[in-house]
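Survey of secondary and tertiary structure
In case you want the letters, here they are:
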Amino acid sequence: MTYAAITGWGKCLPPAVLTNQDLSTILDTSDEWIVSRTGIRERRISHVGLEEFAYVAAARALAAAGLSGRSVELIVFGTCSHDDQVPNMASAIQVRIGAHGAAAYDINTACTSFLYGLSTATALIRTGVVRNALVIGAELISPFMDWSNRDVAVLFGDGAAAVVLQATPREEGLLAEKLGCYGEARETLRVQGMGGRYANRGVLYGITRWQFEGQEIFKRAVQGMSGACEEALGRLRLTAADVSQVVPHQANLRIIEAVARRVKVPMERVYVNIERYGNMSAATVPVALCEALEEGRVQPGALLLLPGFGGGLTYCAHVVRWGERTTPLGASEAALPPNDRPALEILRDCLQRKTNPSPAAATATPFSGG
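Report follows, based on the coordinates. (Residues numbered from 1 in each chain as written. Predicted model: local features only at pLDDT ≥ 70, side-chain atom pairs only at ≥ 80, totals over all residues. Heavy atoms only, no water.)

1. A few points about the pairing of strand β6 (residues 132–139)
Burial of β6 is extensive: eight of the eight residues sit out of reach of the surface. Burial of the side chains of β6 extends over both faces: Asn-132, Leu-134, Ile-136 and Ala-138 are buried on one face and Ala-133, Val-135, Gly-137 and Glu-139 on the other. In terms of strand pairing, β6 meets strand β7 (residues 159–168) through eight bridges, oriented antiparallel. Paired with Glu-139 across the strands is Gly-159, a residue of β7. (Buried < 20%, exposed > 50% of the residue type's maximum accessible area, 1.4 Å probe, protein only. Helix = DSSP H or I, 4+ residues; strand = E, 2+ residues; numbered from the N terminus. Pairing = 2+ DSSP bridges.)

Next comes the structure, spelled out in C-alpha cells:
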C-alpha cells in the first residue's frame, strides 16, 4: 500500500510586526482587551505580495526534503486571498521553482485550505496519479481587512508555510481525516467586497466589510473541530490518549482550549503560537507544524492531530503519523526582499490607497450592501 509521507517543511513570516499597542492607535481597543478575548499579542503585516512569501516557504520546504523544484509533480496552493484568481497562484509557484509541467491548482476553503489541500494531495499520491506534491498554505489578509472594525481587525495576520509529500510504502503521513462544512451557517462569516458579485458594479477593489458573527462562529468551531477529531481518530480505532501532539488552527486561544477539553487532550500536548501571529487563515496549521518541529515538540513516529475550521463554515481534523526525520536535509537561500518599514506604516499606506484610489478607479464607489 502507498502512503504520502511529509518529508519537507518550511515557513515564511513577513518581518514587520503589528502589536496590539499599534492597533490601539487606530482602533478603540487595547492590549488587555485583545489578549483577554483572543490570546493574540501581535501579528505580521507583509510588505510583499502573496506569491513572494509563499515561494520562500515552498523553497524552504523543498530544501528540507532534499527535493529539487523540477522534480515536483503536483502543487496545491491553499488560500482565500489570491494575488490573482486567474491565473491561479499554484501556477506562479510552479514557474518560480522550475516544476515545468507539474499539475498546479488552488484550493479555497478559507482557514482549512491547507488541510483540505493535504487531503487531496495525499489522495493523488496514494492512488498513483503523482509520486510527490508540494502543499502550501498562505494568506495575505491585511489588504482585504476592514481596519475600522475592531472585532475582526485584531484577529488576522499574514504568513505562509508549505510541506512536501512523497510516496512511501511505510505507514506515514496522513492516515485518516474527517472533512465537513456547516453550509447552512455560511453567512456568519462573509467578506463583502471580495468576489465576482462585486466585480464591475462600482465597488472599489479592496474596500471590504466583514460580516462576522463571533459567538456563532465560536460555537460552530468548537463543535466542528472536536467532532472531527473524534471521528478521524475513531476511523483508526484510536483515542486522544494515542495523540502525541495536537497542532490546531490558531483562530482564538479560547477556541483551542475548548476543543482540547472536549477531545480530552491536556494543553501541554497542544501546540499554540497564536500570541505571535494571530489568525493567518490557511497558514496557521502549517506554520505551527514547522515551529513544533523546530522546538522539538514532534518526535520520530509521533501521532499528530491537526484540527481546523474556516469560512464556509468548513471544518476538519487530520491524523498524521510522522516519519523518522524531524530535521531538514538542507536549507534554502530564498528570502524576502529587505524591509525597513514598521508594520503600522505599511498598514497606513494600505489605508491611504483605499481612501485615495487611482484615477482609473476614481468613479467607483465603496460597497454599500445588497
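2. Observations concerning empty space enclosed by the protein
Under the criterion given, the structure shown has one cavity of 30 Å³ or more. There is about 70 Å³ of room inside the largest cavity. As for the largest cavity, its lining consists of Cys-229, Val-246, Pro-248, Ile-256, Val-259, Ala-260, Val-263, Val-265, Val-270, Leu-305 and Pro-307. Broken down by secondary-structure element, the contributors of at least two residues to the lining of the largest cavity are α8 (253–263) and β12 (303–310). When residues in the lining of the largest cavity are grouped by element, the largest group, four residues, is from α8. (1 Å grid on protein atoms, 1.4 Å probe; cavity = no way out; pocket = protein on both sides within 12 Å on 5 of 7 lines; lining within 4 Å. Points joined across faces, edges and corners; volume = space filled by probe spheres on them.)

3. Points about the packing of aromatic side chains
According to the stated counting rule, one finds three aromatic pairs in the structure shown. A ring pair is formed by Trp-9 and Trp-322, whose centres lie 5.5 Å apart and whose planes are at 65 degrees; its orientation type is edge-to-face. One end of the pair, Trp-9, is in strand β1 (residues 3–12); the other, Trp-322, is in the loop between β13 (314–321) and α11 (343–355), and 313 residues separate them in sequence. Overall, Trp-9 belongs to the buried group, its relative accessible area being 6%. Here the aromatic rings of Tyr-182 and Tyr-315 are separated by 4.7 Å at their centres, their planes lie at 35 degrees, and the arrangement is tilted. Linking Tyr-182 in the loop between β8 (173–181) and β9 (189–192) with Tyr-315 in strand β13, this pair joins segments that are 133 residues apart in sequence. (Phe/Tyr/Trp six-rings, centres within 6.5 Å; stacked < 30°, edge-to-face > 60°.)

4. Re the side chain of Lys-178
Tracing the backbone through its elements, the reader meets Lys-178 in strand β8. Taking relative accessible area as the criterion, Lys-178 reaches 19% and is therefore assigned buried.

5. Comments concerning unusual backbone geometry
Note that the residue after Val-86, namely Pro-87, is joined by a cis bond; omega there is 0 degrees. Tracing the backbone through its elements, the reader meets Pro-87 in the loop between β4 (74–78) and α4 (89–97). Along the chain, Gly-312 connects to Leu-313 via a cis peptide bond; the corresponding omega equals 0 degrees. Its location among the elements puts Leu-313 in the loop between β12 and β13. Its identity as a non-glycine residue notwithstanding, Ala-110 has a phi of 60 degrees, on the positive side. Note on placement: Ala-110 falls in the loop between β5 (103–107) and α5 (113–126).

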